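Inside the fold
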Amino acid sequence: GAKSRHRPMVRLSSQPREKFKGKRIGNPFPVYPYEVSDQMIVSDPTICVPIYARTGIVPETGKDVKIFDIDGSDKDRIKRIREACRLAKRVLNSACDFAAPGISTDDIDVFVHHLITEAGGYPSPLNYFGYPKSVCTSVNEVACHGIPDKRPLQDGDVLSIDVACYLNGFHGDTCATVIIDGGFEDHDLFERSSHLVSSTKEALLAGIEVCRPGGCLSDIGEAVHGVADARGLQSVRDGGGHGIHSHLHCAPLVKHFRNRDKIELLPGMIFTIEPILTEGHFALNTWKNGWTCATVDFGLAAQFEETVLVTNDGVDVFTME
């Protein structure tokens, strides 16, 4: 059966959050919701759209992990997933270059939407469980699923851009974090931000490096968590990576912290690795819009993401150039 169209893309804790009683470490001027423009649509009849594009209703995907036949019947499917991933990465790189002081995240949303549709794809987030935009843009203490709005980006902002696209029946998903450079008047903020962003990318690469046939899914969480510990940061517990193919999100759930998910990694598994590291507490609160997740102490957050295939002798990163 279909689920609620307003369910967030991350699996949030089922337990209610206690009111945070720790030290507030973040910006004294936190990010607040700004005006959100109307939702765009994809009207080109030649573009293949996912099942939820019109209704916002996403079918159940089940708990079984899809295993693709690398050397046999699934070669064409794998090729198409790779093509969707490459489009997502090209668009992400362009969006990161486009981001600058004075540009709004709404501007980035329009930019991403047009790049994807002009390439014959559909922006995967658009109307996914009712999500109103074509990309996720998360600024400063917003960890994930920030809804693009009219707020102009400012010097020193930490911006995560999460791009996913649907091309020829399959999804590709990738994310990167950039620091908005307008001259950096605040040297301390630049040092903090640079350390967080570089460490998060290091954590992603560590998670990818342990992917191999015969390995364990929990190896990824161990590797990411180890980098976070070594860099004096924390790894977010809510959400995680996910299987991806004709469904945007499906099994397995890839946790980015130490865990006991003893699932063997097998050739033909395709999933994302997408750690979010924070400079303060790892816990998140969800805004009233039901999507935007921000750190409880207003500390900065950063995220990087790649889509990977476990191969017969290692790992193939579909979204890495």
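Here, the structure is the one placed above.
Summarised in this report is the structure supplied together with it. In this text the structure is predicted, and so the values were computed from the model without any measurement. (Residues numbered from 1 in each chain as written. Predicted model: local features only at pLDDT ≥ 70, side-chain atom pairs only at ≥ 80, totals over all residues. Heavy atoms only, no water.)

**Comments concerning the environment of Asp-44**
Defined as follows: Per the convention used, a helix needs a DSSP run of H or I reaching at least four residues, while a strand needs a run of E reaching at least two, with both numbered from the N terminus. Counting of polar contacts relies on pairs of N or O atoms within 3.5 Å, with two restrictions inside protein: one atom must be capable of donating a hydrogen and the other of accepting it, and residues adjacent in sequence are counted only when both atoms are side-chain atoms.
Topologically, Asp-44 is positioned in the segment before helix 1 (75-98). In this structure the side chain of Asp-44 is engaged in a polar contact, spanning 2.7 Å, whose partner is the side chain of Thr-46.

**Observations regarding the pairing of strand 2 (residues 136-139)**
The test is simple: Relative accessibility decides the category of a residue: with a 1.4 Å probe and only protein chains considered, values under 20% of the type maximum give buried, values over 50% give exposed, and everything between is partly exposed. Each pair of strands is called paired provided DSSP finds at least two bridges between the two strands.
Residues Cys-136 and Ser-138 of strand 2 are buried on one face, and the alternating residues Thr-137 and Val-139, pointing to the opposite face, are buried as well. Bridge count for strand 2 against strand 4 (residues 158-167) is 4 bridges, and the pairing is antiparallel. Counterpart to Cys-136 in the pairing with strand 4 is Asp-162.

**Some remarks on the pattern of salt bridges**
The following threshold applies: By definition here, a salt bridge exists when the distance from a side-chain nitrogen of Lys or Arg to a carboxyl oxygen of Asp or Glu is within 4 Å.
Counted according to the given criterion, the structure contains 13 salt bridges. The salt bridge partner of Arg-258 is Glu-222, with a shortest N-O separation of 3.2 Å. Taken together, the residues span a long stretch of sequence, with Arg-258 in the loop between strand 8 (250-254) and strand 9 (270-273) and Glu-222 in helix 4 (residues 218-230) at a distance of 36 residues. Residue Arg-258 is classed as partly exposed on the basis of its relative accessible area, which comes to 37%. Measuring nitrogen to oxygen at the nearest pair gives 2.9 Å for the salt bridge that ties Arg-258 to Asp-229. With Arg-258 in the loop between strand 8 and strand 9 and Asp-229 in helix 4, this pair connects stretches of sequence that are 29 residues apart.

**Quick look at the side chain of Lys-89**
Here is the rule we go by: Throughout, a contact is declared for two residues whenever any of their heavy atoms are within 4.5 Å.
As for its position among the elements, Lys-89 is in helix 1. Separated by 3.3 Å, the side chains of Lys-89 and Glu-306 make a polar contact. Apart from the residues within four sequence positions on either side, Lys-89 is in contact with Thr-174, Glu-306, Thr-319, Met-320 and Glu-321.

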